[in-house]
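Residue strings, one per chain:
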Amino acid sequence: MRRPFVVGNWKMNLNLADAKNLVRRLDHETVGIHNVDRGVAPPALLIIPLRPELQDTRILLGAQNMYHEPKGAFTGEISGPMLVDAGCQFVIIGHSERRQHFGEDGPLLQKKVKAALDIGLDVIYCIGETLQQRDGGETNGILVRQLHEVLIDGLDWKRITIAYEPVWAIGTGRNATQDQAQEAHQHIRLWLKNKYGPDAASQMRIQYGGSVKASNAKELMNMPDIDGALVGGASLVADEFIAIVRAAIPK
Ligand code: PEP
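Keep in mind that this is a model prediction, so the values were computed, not measured.

## Looking at the packing of helix 1 (residues 16-30) against helix 11 (residues 238-247)
Right, so step 1: Close contact between helix 1 and helix 11 brings their axes to 10 Å; oriented N to C, the two are set at 35 degrees. In the packing of helix 1 onto helix 11, the handedness of the crossing is right-handed. Residues L22, R25, L26, E29 and T30 of helix 1 pack against A238, D239, F241, I242, V245 and R246 of helix 11.
Right, so step 2: The residue makeup of the contact of helix 1 with helix 11, split by class, is six nonpolar, one polar and four charged.

Here it is, written out as structure tokens:
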């Protein structure tokens, strides 16, 4: 049985005061929920000041990105050891905004995933097709390519979550239908089975991401291969975020 995992990717939003209020409400109003993992990935500057707020809560602390080198002359970057030192438990790698705006590609992301796992961070690895690729019937091929070029042999798959995030659904208000999402998740699970074996396929979590909100979370979470959500915009609003965590409670 896979435990659903709901993560708020706050992107470049919120100040410290608003972030503290949000996690306090999230903690308070989901405190009795034991069968859904949840976490937040704040902007890097908020990680350290939020850490005490999250102590003694069930909310995991993560980062939105990291660099693969542990230290050195890489102006503006943050390394895995720094994230661990700051209290992070997981890191998001390969978000489509990193691919699109910052030119992150397969070879770089492969290094990042490996470096994160090596230093002890769990990884949420994001994949997804553009609208043009979907319309061109390339969805499955793109997903397989993004999996294949980054998830190499020998990785500790138990510490990797896949986030299927169709690029056309991110921040657009247009989510994949539950059937479109399920079909992609099923395809990803098949690839995981071929790569890492049946245990990995049945145990690895695959989140859906792309305009998840309170009003559509339940129908998506009800699908057999969807194990939670990576949530952008709606995770900035306490009522929405809390409702999405509730919607992920297994039946
Ligand atoms: C995301 O940033 O990962 C995301 C899915 O954003 P949104 O929920 O706003 O579409």
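## Overview of unusual backbone geometry
Right, so step 1: Phi at K11 is positive, roughly 50 degrees, even though this residue is not glycine.
Right, so step 2: Looking at where K11 falls in the secondary structure, it is placed in the loop between strand 1 (5-9) and helix 1.
Right, so step 3: In this structure, L14 is a non-glycine residue whose phi angle is positive, near 80 degrees.
Right, so step 4: With respect to the secondary-structure elements, L14 resides in the loop between strand 1 and helix 1.

## Observations regarding the side chain of N65
Right, so step 1: Locating N65 in the fold gives a position in the loop between strand 3 (59-63) and helix 3 (80-86).
Right, so step 2: At 2.8 Å, the side chain of N65 forms a polar contact with the side chain of K112.

## Regarding the packing of helix 7 (residues 139-148) against helix 8 (residues 178-196)
To characterise two packed helices, one gives the angle between the axes of the helices and the distance between these axes.
Right, so step 1: Contact geometry for helix 7 and helix 8: axes closest at 10 Å, N-to-C directions at 40 degrees. Classified by the angle between their axes, helix 7 and helix 8 sit oblique to one another. Where helix 7 crosses over helix 8, the two elements pack in a sense that is right-handed. Residues N140, L143, V144, L147 and H148 of helix 7 form the contact with helix 8, whose participating residues are A184, H187, I188 and W191.
Right, so step 2: Its residues assigned to classes, the contact of helix 7 with helix 8 shows six nonpolar, three polar and no charged.

## With respect to the site of the ligand
Right, so step 1: Surrounding the ligand, one finds 14 residues, the nearest of these being K11, E165, G171, S211 and G232.
Right, so step 2: Within the side chain of E165, a nitrogen or oxygen atom sits 2.6 Å from an oxygen atom of the ligand.
Right, so step 3: One of the backbone N or O atoms of G233 is found 2.8 Å from an oxygen atom in the ligand.
Right, so step 4: Broken down by class, the residue content of the shell around the ligand amounts to four nonpolar, eight polar and two charged.

## A word on the pairing of strand 1
Right, so step 1: Counted residue by residue, strand 1 has five buried out of five residues, so it is predominantly covered.
Right, so step 2: The alternating pattern of strand 1 places F5, V7 and N9 on one face and V6 and G8 on the opposite face, and all of these are buried.
Right, so step 3: Inspection of the sheet shows strand 1 paired to strand 2 (residues 37-41) by five bridges, in the parallel sense. By the bridge assignment for strand 2, V7 is matched with G39.
Right, so step 4: Crossover connection from strand 1 via helix 1 to parallel strand 2: handedness right-handed.
Right, so step 5: As judged from the four bridges shared by strand 1 and strand 8 (residues 228-231), these two strands associate in the parallel manner. By the bridge assignment for strand 8, G8 is matched with V231.

## Description of the nonpolar core
Right, so step 1: Ranked by size, the top nonpolar core spans 69 residues in total, and within it L151 and I162 carry the most contacts.
Right, so step 2: If we skip the residues at most four places from it in the chain, I162 touches Y125, I127, L147, L151, I188, L192, M204, R205, I206 and Q207.
Right, so step 3: Among the nonpolar cores identified, the runner-up in size contains nine residues, and V7, A41, I92 and I124 belong to it.

## Describing the sheet that holds strand 3
Right, so step 1: Read around the barrel, eight strands follow the order 1-2-3-4-5-6-7-8 and close on themselves; strand pairing throughout is parallel. The mean angle between the axes of side-by-side strands here comes to 25 degrees, regardless of whether they run parallel or antiparallel.
Right, so step 2: In this structure, strand 2 lies alongside strand 3, joined through three bridges in parallel fashion. Opposite G39, over in strand 3, you have L60 as the bridge partner.

## So, the pattern of salt bridges
Right, so step 1: Per the stated rule, a full pass over the model turns up 18 salt bridges.
Right, so step 2: Where K11 meets E97, a salt bridge forms, and the shortest distance between an N and an O atom there is 2.7 Å. Highlighted residues: K11 in the loop between strand 1 and helix 1 and E97 in helix 4 (residues 96-102), separated in sequence by 86 residues.
Right, so step 3: Taking the shortest distance from any N to any O, the salt bridge between E53 and R24 comes out at 2.9 Å. Here the residue E53 occupies a position in helix 2 (residues 44-54), and R24 occupies one in helix 1, the gap between them amounting to 29 residues.
Right, so step 4: Relative accessible area serves as the criterion here: at 22%, E53 is assigned to the partly exposed category.
Right, so step 5: Relative accessible area serves as the criterion here: at 43%, R24 is assigned to the partly exposed category.
Right, so step 6: One continuous salt-bridge network, built from bridges that share partners, spans R2, R189, D225 and D227.

What counts and what doesn't
Residues numbered from 1 in each chain as written. Predicted model: local features only at pLDDT ≥ 70, side-chain atom pairs only at ≥ 80, totals over all residues. Heavy atoms only, no water. Axes fitted to C-alpha atoms, helices over the stretch in contact; angles between N-to-C directions. Helix = DSSP H or I, 4+ residues; strand = E, 2+ residues; numbered from the N terminus. Left-handed = near helix turned anticlockwise from the far one by under 90°. Contact = heavy atoms within 4.5 Å. Nonpolar A, V, L, I, M, F, W, Y, C, P; charged D, E, K, R; others polar. Polar contact = N/O pair within 3.5 Å; in protein donor to acceptor, adjacent residues only side chain to side chain. Parallel < 35°, antiparallel > 145°, perpendicular 65-115°, else oblique. Near = heavy atom within 4 Å. Buried < 20%, exposed > 50% of the residue type's maximum accessible area, 1.4 Å probe, protein only. Pairing = 2+ DSSP bridges. Right-handed = clockwise from strand over helix to strand, strands pointing away. Core = buried A, V, L, I, M, F, W, Y, C linked by side-chain atoms within 4.5 Å. Salt bridge = Lys/Arg side-chain N within 4 Å of Asp/Glu carboxyl O.

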